[in-house]
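Residue strings, one per chain:
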Amino acid sequence: MNSPLTAGAKRAARAAIAAAMAAALSASVLSATPVQAAAAEFRLPEFDTVTLPNGLTVYLMERHDVPLIAVRAVIKAGAVNDGAQPGLSNLTGDALLLGTAAHNKASIDQAFDYRGARLAGGAGTEASTVQANFAKADTAALLPLFAEIVQQPNFDDAELAKLRARKVNGIKQAKEAPRNVVQTYYRAMLFGDRPYGIPASGTISSMAALKQGDVRGYYQRYYRPDNAAIIVVGDFQKTAMRQQIESLFGAWQASGPAPAAQDNGKVQASKARVLLVNKPDAIETTFLIGGAGIARNDPDYVQLQVVNTVLGGRFTSWLNDELRVNSGLTYGANSQFATLAQTGTFAISSFTALPKTEAALALAHKTYQRLWDKGIDAATLASAKAYVKGQFPPRYETSEQLASLLGDMYANRVDRAQIDNFTRDVDSLTPEKAKALVDKHFPRKQLQTVLVGKAEAIRAIAKTYGEVSEIEISADGFR
C-alpha cells in the first residue's frame, strides 16, 4: 500500500472532488430546467480503442476540464450466465471488493476512503462492472490497486458469508415494496426459463446455497481479458496511460476456451396473459402492461425515445396527464423501453389505490390506444423532440458519465454512430415516421400484464386482461 497523501495533495483531491460534484449538480439542474428548443448538438468526444495481445479491450478518453479519473472494468457476464444458480453473478460482482491476495477488505476501503475516492462493483443482466473515481494525483496509488481487485480477488470465505447473508435479507425485504420487484416478476413472466428470465438478485434459496467454490468458478469462467474492457476517462495523457494499462493488465491471461455466445431468449407473448402476484396486506395495486421491446443497438432506438416521451416519458406525458393529473388515480404513470443486448421489453407502469384498480387499468389501456387511434400530431412531436434533445447532453458531461456510456456501448455492442447521430435522428422524426415506429415497435395485441396486490379484491378484474396465473409474493422466486 502506498504512503498517505501530503496535506497539499489532499487539498487538491478535495478540490477536484468538489469540482466534480459541482459539475454533477450543474447537470442535475440543467436536466430540471425547462428545455430549450435549440439544444446544442451532442457528439461523443474522441477516444482511442486498443486491443492488448491478451485480448483485453481498452478505451482511453482524455478530458482535462477537471483533475479526475474515472476507470471501469466491464465484464461481459451477468445474470444470463447464472444457469441453475440465480444470483451467482450478483454475488461474484460484489465479492470482488472483499479483498485481494495482497490487501484485505479493510485496507482497500481505507485506501479509497482516505483519498475521497469511490470504488464500487456489481453485476446486472448481461455485464458486471468494477468502477472507481479518484483524483488525478491519486492515480499512482489507486490504479494498481484497482487492477489488483479485478485480477486477484481472494473471495475471503468469512467476508463472503457476511455478504451472502446481507443479500438474502435484501431479497426478503425487497418484496415488502412491490415497486422494488414488479420488474423482476415482469421479466420472469416474459422470458420464462430462458436466461433473460433469471432474476439478477437471485432467489432466497439460490443465493443462500452459493459457496465460495461457486464464486471462484464463475470468476474463472467469465472474468478474463478476452471477455472484458478497461475504460479510462479523465485527466491523463493517452500514451502514458496506455503504457500503464499495459503494465497493469498485460499479464492477465485467460484459461480455457472463451465463453460461447448464447441465445438469451425472446419475449413470450403468443396470447394475452396476466400474472397476479398476491400480497394479502396490500392497499395498492402495482401494475405493468406491455410486451416485447427493442435491443439497445436497434437503429430505431433514438427516435423511439422521442415517441415514448409523448406516451409516458415525461411529467406532461399522456399517461401521467390522464392517470395522475386529470383523474387523480395515481401519483405517477410512465412507459419505458427496457433494452437488452439481444432484445428488450416495453412496459407501462403505475400503481393505484386498491379500490381504483379497475379504473386505473382501463384508463391506462385507453390512453395507450391513443397511439393508434389518434396518433401524434406535429406540435406534440416538436415538443417531445425539444425535450429529448435538452435531456440528452447533460447525461454525458462528467468523466464518470462518459465512462459509463462507453461501458454500456461495449457491453451492448452499440456503435458510436448512434450517439453522434442523435441530434440528426431526433430532428428527422416526422409524424408519419412516428406512426410507422408505433406500428412496428409498440406491442398492441396479446399484452402481458403483471399485477401485484390483494388478489381476492382484483382477481375478477385481472381476468378481463388475459389468461391469469397467480402466485404468492411470499413464495421464493419470481414465477
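The rules we used
- Residues numbered from 1 in each chain as written.
- Predicted model: local features only at pLDDT ≥ 70, side-chain atom pairs only at ≥ 80, totals over all residues.
- Heavy atoms only, no water.
- Helix = DSSP H or I, 4+ residues; strand = E, 2+ residues; numbered from the N terminus.
- Rg over C-alpha atoms; globule rule 2.2 N^0.38 Å.
- Buried < 20%, exposed > 50% of the residue type's maximum accessible area, 1.4 Å probe, protein only.
- Contact = heavy atoms within 4.5 Å.
- Areas by Shrake-Rupley, 256 points an atom, 1.4 Å probe, with all protein chains shown as cover.
- Lys, Arg positive; Asp, Glu negative; His and termini not counted.
- Charge placed at Lys NZ, Arg CZ, Asp CG, Glu CD.
- Pairing = 2+ DSSP bridges.
- Axes fitted to C-alpha atoms, helices over the stretch in contact; angles between N-to-C directions.
- Phe/Tyr/Trp six-rings, centres within 6.5 Å; stacked < 30°, edge-to-face > 60°.
- Lys NZ or Arg CZ within 6 Å of the ring centre and 35° of its normal.
- Core = buried A, V, L, I, M, F, W, Y, C linked by side-chain atoms within 4.5 Å.
- Expected span 1.5 Å × (residues − 1).
- Polar contact = N/O pair within 3.5 Å; in protein donor to acceptor, adjacent residues only side chain to side chain.
- Salt bridge = Lys/Arg side-chain N within 4 Å of Asp/Glu carboxyl O.

Asks: How would you explain the overall build of the chain if you had to name every residue and give the values?
Replies: Regarding its fold elements, the chain presents 18 helices and twelve strands. Here the chain has a C-alpha radius of gyration of 24 Å; the compact-globule value for 479 residues is 23 Å, and the two agree. Projected onto its principal axes, the C-alpha positions of the chain cover 65 × 55 × 40 Å. Within the span of the chain, comprising 479 residues, buried residues form 53% of the whole. In the chain, the share of contacts with a sequence separation of at least 24, taken over all contacts with a separation of at least 6, comes to 84%. Element-wise, carbon and sulfur atoms account for 51% of the exposed surface of the chain, whose accessible area totals about 20600 Å². For the chain, the separation between the mean place of its 52 positive charges and that of its 45 negative charges on side chains is 2 Å.

Asks: Pulling in residues and values, what's your account of the pairing of strand β7 (residues 273-278)?
Replies: Looking along a regular strand, one sees side chains alternate from face to face of the sheet. Across the six residues of β7, six count as buried, placing the element largely inside the fold. Pairing of β7 with strand β12 (residues 467-472) involves six bridges; the strand directions are parallel. Residue pairing for β12: Val 274 is matched across the bridge by Val 468.

Asks: Tell me what's going on with the sheet that holds strand β3 (residues 68-75), and back it up with residues and numbers.
Replies: Strand order in the open sheet made by the six strands is β1-β2-β6-β3-β5-β4, with mixed pairing throughout. With partners counted over all chains shown, the strands left at the sheet margins are β1 (48-51) and β4 (118-123), one partner each. Between one strand and the next, the sheet's axes are offset by a mean angle of 15°, whatever the strand orientation. With respect to the sheet, helix α9 (residues 238-249) is in contact with β1, β2 (57-62), β3 and β6 (228-234), its orientation differing from that of β2 by roughly 150°.

Asks: Before we move on, could you go through the sheet that holds strand β9 (residues 333-339) and cite the residues and values that matter?
Replies: Remark on secondary structure: sheet strands pair via backbone hydrogen bonds, oriented parallel or antiparallel. Within the open sheet, the six strands sit side by side as β9-β10-β8-β11-β7-β12. Their pairing is mixed. With partners counted over all chains shown, the strands left at the sheet margins are β9 and β12, one partner each. Between one strand axis and the next, the sheet turns by 20° as a mean value, whatever way the strands run. Across five bridges, the pairing between strand β8 (residues 284-292) and strand β11 (residues 448-453) is antiparallel. Note on β11: the bridge partner recorded for Gly 290 is Gln 448. Across the sheet, helix α6 (residues 178-191) lies against β7, β8, β10 (344-353), β11 and β12, angled at about 35° from β8, the strand it touches most. Strands β8, β9 and β10 of the sheet are contacted by helix α11 (residues 318-326), whose axis makes an angle of about 145° with β9.

Asks: Give a detailed account of the packing of aromatic side chains, specifying residues and quantitative values.
Replies: Counted under the stated rule, the structure contains 17 aromatic pairs. Measuring from centroid to centroid gives 5.0 Å for Tyr 219 and Tyr 223, while their planes differ by 25°, and the two rings are stacked. We note that Tyr 219, like Tyr 223, is buried. Look at Phe 249 and Trp 252: their rings are 6.3 Å apart centre to centre, the planes differ by 50°, and that puts the pair in the tilted class. Within the aromatic cluster, the residues linked to one another by ring pairs are Phe 337, Phe 346, Tyr 368, Trp 372 and Phe 442. Residue placement shows Arg 179 over the ring face of Phe 351; its charged tip is 3.7 Å from the ring centre.

Asks: So what about the environment of Ala 240? Which residues, and what values?
Replies: Here Ala 240 is to be found in helix α9. Sequence spacing of Ala 240 and Leu 429 is 189 residues, and the spatial spacing of their C-alpha atoms is 43 Å.

Asks: Any chance you could break down the nonpolar core for me, citing the residues and the numbers?
Replies: Formed by 68 residues in total, the largest nonpolar core has its most connected members in Leu 44, Tyr 368, Leu 371, Leu 406 and Phe 442. In contact with Phe 442, other than residues within four places in its own chain, are Leu 304, Val 307, Asn 308, Leu 311, Phe 337, Phe 346, Tyr 368, Leu 371, Trp 372 and Leu 437. Among the nonpolar cores identified, the runner-up in size contains 51 residues, and Leu 60, Ala 95, Ile 108 and Ala 132 belong to it.

Asks: Describe helix α12 (residues 357-373), and please don't skip the residues or the numbers.
Replies: With 17 residues, α12 extends 24 Å between its outermost C-alpha atoms, agreeing within 8% with the 24 Å of an ideal straight helix rising 1.5 Å per residue. Downstream of α12 by one or two residues, Gly 375 has phi in the positive range, about 75°.

Asks: Got a sec to walk through the side chain of Ser 89? Specific residues and values, please.
Replies: Within the secondary structure, Ser 89 sits in helix α2 (residues 88-95). By relative accessible area, Ser 89 is classed as buried at 1%. A distance of 3.2 Å separates the side chain of Ser 89 from the backbone nitrogen of Ala 79, its partner in a polar contact. Discounting chain neighbours no more than four positions away, the residues touching Ser 89 are Gly 78, Ala 79, Asp 82, Ala 123, Gly 124 and Tyr 218.

Asks: Please set out the pairing of β4 residue by residue, giving values where relevant.
Replies: Where β4 and strand β5 (residues 128-135) come together, six bridges link them in antiparallel fashion. Paired with Gly 121 across the strands is Val 130, a residue of β5. Two successive antiparallel strands, β4 and β5, enclose a turn made up of four residues.

Asks: Please set out the pattern of salt bridges residue by residue, giving values where relevant.
Replies: Per the counting criterion, the structure on display carries 26 salt bridges. One salt bridge in this structure joins Arg 72 and Glu 400, with 4.0 Å as the shortest N-O distance. In this pair, Arg 72 is assigned in strand β3 and Glu 400 in helix α14 (residues 399-412), connecting sequence segments 328 residues apart. One salt bridge connects Lys 440 with Asp 300, and the closest N-O pair in it is separated by 3.3 Å. Of this pair, Lys 440 sits in helix α17 (residues 431-441) while Asp 300 sits in the loop between β8 and α10 (301-312); the two residues are 140 residues apart in sequence, bridging distant segments of the chain.

Asks: Outline the environment of Arg 242, listing residues and values.
Replies: One can find Arg 242 in helix α9. Considering only alpha carbons, one finds Arg 242 and Ala 208, 34 residues apart in sequence, at a separation of 41 Å.

Asks: Lay out unusual backbone geometry in plain terms, naming residues and giving numbers.
Replies: Backbone geometry at Phe 155 places phi at a positive 45°, although glycine is not the residue there. On the basis of relative accessibility, which here comes to 1%, the residue Phe 155 falls in the buried class. Despite not being glycine, Gln 446 shows a phi value in the positive range, around 50°. With respect to the secondary-structure elements, Gln 446 resides in the loop between α17 and β11.

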